[in-house]
Amino acid sequence: EMLLDRGNTTDTVTYNYRLRMWVGSNYQVSGEERHFTLKVNVYGNDGVNVEVNGVELDKSSATVKLTNSLQLNASTTPASPSDKTITWTSSDPRIATVTNTGLVETKGVGTTTITATASNGKSASASIKVEVDNPNITGAYTYNETTCPTGSEDTCQPTTCLVSGTCPAGTAISYKVNDTTTQDFHVLHDDGNTLTVISAIELGEKVKFDDSGNSINGPRTANASLTKATMNWNQAARMITRTEAESVGCIYSVTNSCPPWLYNNTAYWTATGHAEVTSSAWFIQSNGSLGAFDINSLHLPVRAIIDISK
């Protein structure tokens, strides 16, 4: 008897035997044992349906960079079932998709489950984690209040310019300034190696500039306020300089010359003193221009700038 329920499409069994005969009135068995081998090939197209008993992937988990892809390979038991169809799916296509050949194509940062399923429902899965190429910018994401609210950045996707290339000035991102706090920023400058960003909102108390000393020492009060507001950040923060303001279009006393994302209808101090008048300092005006006014007449907030290595 040959049992063909081992999940194999080919089965080979060897049978041993001895000759038995009657010699006169006596029953005798030969002392020499002989054998024969029976090999049976079972094919689905011969009317026998060979079901998939199990599916296995060559990886149960993997980590892949956002700019890379990953090939997963599936095998079945038996190796040649009647229906060899394998369907590939991703639990979160925002993180990665998968082709009908098992090629995982990354889309965003996070973890997704890739599953290979046979036609009869047997399946196997792999947990795939997608991360950015450089951990220095793990916390930087494309920011959109509707699709990527602060506090839910783990569900958001890094913008391409954070991973490769450069981000244009004004690009809105959300960045984790420490393990628990996320701050919204705009890009001031990106040279491909360092990302310079400015907070989207004013920070700290509205304080008057310290009027002691000359124009170089003038920003001490505002800097102290900024330091206090960002003391729990992992990155050192500073204020915008006149050069940085001018680099994005701000012109002295020209209304609306600063981009709207920079001034946002509020005024705040820069860290650069006025070169001509020692009792004045540069600041971004609420009308969107760069200005220099007497420090005794204004109480203004500050915005934080940080430099992130890419």
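Parameters and conventions
Residues numbered from 1 in each chain as written. Predicted model: local features only at pLDDT ≥ 70, side-chain atom pairs only at ≥ 80, totals over all residues. Heavy atoms only, no water. Pairing = 2+ DSSP bridges. Helix = DSSP H or I, 4+ residues; strand = E, 2+ residues; numbered from the N terminus. Axes fitted to C-alpha atoms, helices over the stretch in contact; angles between N-to-C directions. Patch = residues over 30% accessible without salt bridge, like charges linked within 9 Å, V, L, I, M, F, W, Y side chains within 5 Å. Areas by Shrake-Rupley, 256 points an atom, 1.4 Å probe, with all protein chains shown as cover. Salt bridge = Lys/Arg side-chain N within 4 Å of Asp/Glu carboxyl O. Buried < 20%, exposed > 50% of the residue type's maximum accessible area, 1.4 Å probe, protein only. Phe/Tyr/Trp six-rings, centres within 6.5 Å; stacked < 30°, edge-to-face > 60°. Polar contact = N/O pair within 3.5 Å; in protein donor to acceptor, adjacent residues only side chain to side chain. Contact = heavy atoms within 4.5 Å. Core = buried A, V, L, I, M, F, W, Y, C linked by side-chain atoms within 4.5 Å. Disulfide = S-S within 2.5 Å.

Caption draft 1: View of the sheet that holds strand β9 (residues 86-90). With respect to topology, 4 strands assemble into an open sheet ordered β6-β13-β12-β9, the strand pairing being mixed. Among the strands making up the open sheet, the edge pair consists of β6 (61-65) and β9. Within the sheet, the average angular offset between the axes of one strand and its neighbour, ignoring direction, is 25°. Relative to strand β13 (residues 123-131), β6 is paired through 5 bridges, and the arrangement is parallel. Across the sheet, residue Lys65 finds its bridge partner in β13, namely Glu131.

Caption draft 2: Quick look at a nonpolar patch on the surface. Together, Tyr17, Leu19, Met21 and Val23 give the surface a local cluster of nonpolar side chains, amounting to about 340 Å² of exposed area. As for its position among the elements, Leu19 is in the loop between β1 (10-17) and β2 (20-23). Owing to a relative accessible area of 44%, Leu19 belongs among the partly exposed residues under this scheme.

Caption draft 3: Geometry of the packing of aromatic side chains. For the structure shown, the criterion picks out 1 aromatic pair. Their ring planes at 75° and their centres at 5.9 Å tell us that Phe185 and Trp233 sit as a pair that is edge-to-face. With Phe185 in strand β16 (residues 182-190) and Trp233 in the loop between α2 (220-229) and α3 (242-247), the pair connects residues that are 48 residues apart, well separated along the chain. On the basis of relative accessibility, which here comes to 12%, the residue Trp233 falls in the buried class.

Caption draft 4: Molecular detail of the pattern of salt bridges. Taken as a whole and judged by the stated rule, the model has 5 salt bridges. Put simply, Glu244 and Arg238 hold a salt bridge, and the shortest N to O gap is 2.7 Å. Owing to a relative accessible area of 16%, Glu244 belongs among the buried residues under this scheme. A salt bridge links Arg242 to Glu246; its shortest N-O distance comes to 2.9 Å. Within this pair, Arg242 and its partner Glu246 are both found in helix α3, separated by 4 residues, close to a single helical turn. Assessed through its relative accessible area of 36%, Glu246 is described here as partly exposed.

Caption draft 5: The side chain of Thr230, seen in detail. Its place among the elements puts Thr230 in the loop between α2 and α3. A polar side-chain atom of Thr230 sits 2.9 Å from the main-chain carbonyl oxygen of Leu226. The residues contacting Thr230, other than those within four sequence positions of it, are Leu203, Ala237 and Ala304.

Caption draft 6: Region of interest: the sheet that holds strand β11 (residues 103-106). Strand order in the open sheet formed by 3 strands is β7-β11-β10, and the pairing between neighbours is antiparallel. Looking at strand neighbours, the two that pair on one side only are β7 (69-71) and β10 (96-98), the edges of this open sheet. Across the sheet, the mean angle from the axis of one strand to that of its neighbour is 20°, orientation sign disregarded. With 3 bridges joining them, β7 and β11 adopt antiparallel strand pairing. Residue pairing for β11: Leu70 is matched across the bridge by Val104.

Caption draft 7: Geometry of the nonpolar core. Grouped together as the largest cluster of nonpolar side chains are 22 residues, with contacts concentrated most on Phe185, Leu195, Val197, Trp233 and Ile306. Counting residues per element, the ones that place at least two in this core are α1 (160-163), β15 (172-176), β16, β17 (194-199), β22 (300-302) and β23 (305-309). Residues contacting Ile306, with those up to four places away along its chain left out, are Tyr175, Phe185, Leu195, Thr196, Val197, Trp233, Gln235, Ala236 and Ala237. In this structure, Val52, Ala62, Leu66 and Ala118 belong to the second largest nonpolar core, which totals 20 residues.

Caption draft 8: Representation of the side chain of Thr106 in the model. You can see Thr106 is positioned in strand β11. Among the polar contacts made by the side chain of Thr106, one reaches the main-chain carbonyl oxygen of Asn68 at a distance of 2.9 Å. Residue contacts for Thr106: discarding those within four places in its chain leaves Val64, Lys65, Leu66, Thr67, Asn68, Ile95, Ala96 and Val130.

Caption draft 9: Main features of the pairing of strand β12 (residues 110-118). Pairing of β9 with β12 involves 5 bridges; the strand directions are antiparallel. The residue of β12 that forms the bridge with Thr87 is Thr117. Across 8 bridges, β12 lies against β13 in antiparallel orientation. Note that in β13 the partner of Thr112 across the bridge is Ile128. Count of turn residues in the β12/β13 antiparallel hairpin: 4 residues, of which Gly121 carries a positive phi of about 100°.

Caption draft 10: Structural detail: the state of the cysteines. Tallying each qualifying case throughout the model produces 1 disulfide. One disulfide bridge connects Cys250 with Cys258, the sulfur atoms lying 2.0 Å from each other. Because the torsion about its S-S bond is 135°, the bridge between Cys250 and Cys258 counts as right-handed. Both residues of the pair, Cys250 and Cys258, belong to the buried class.

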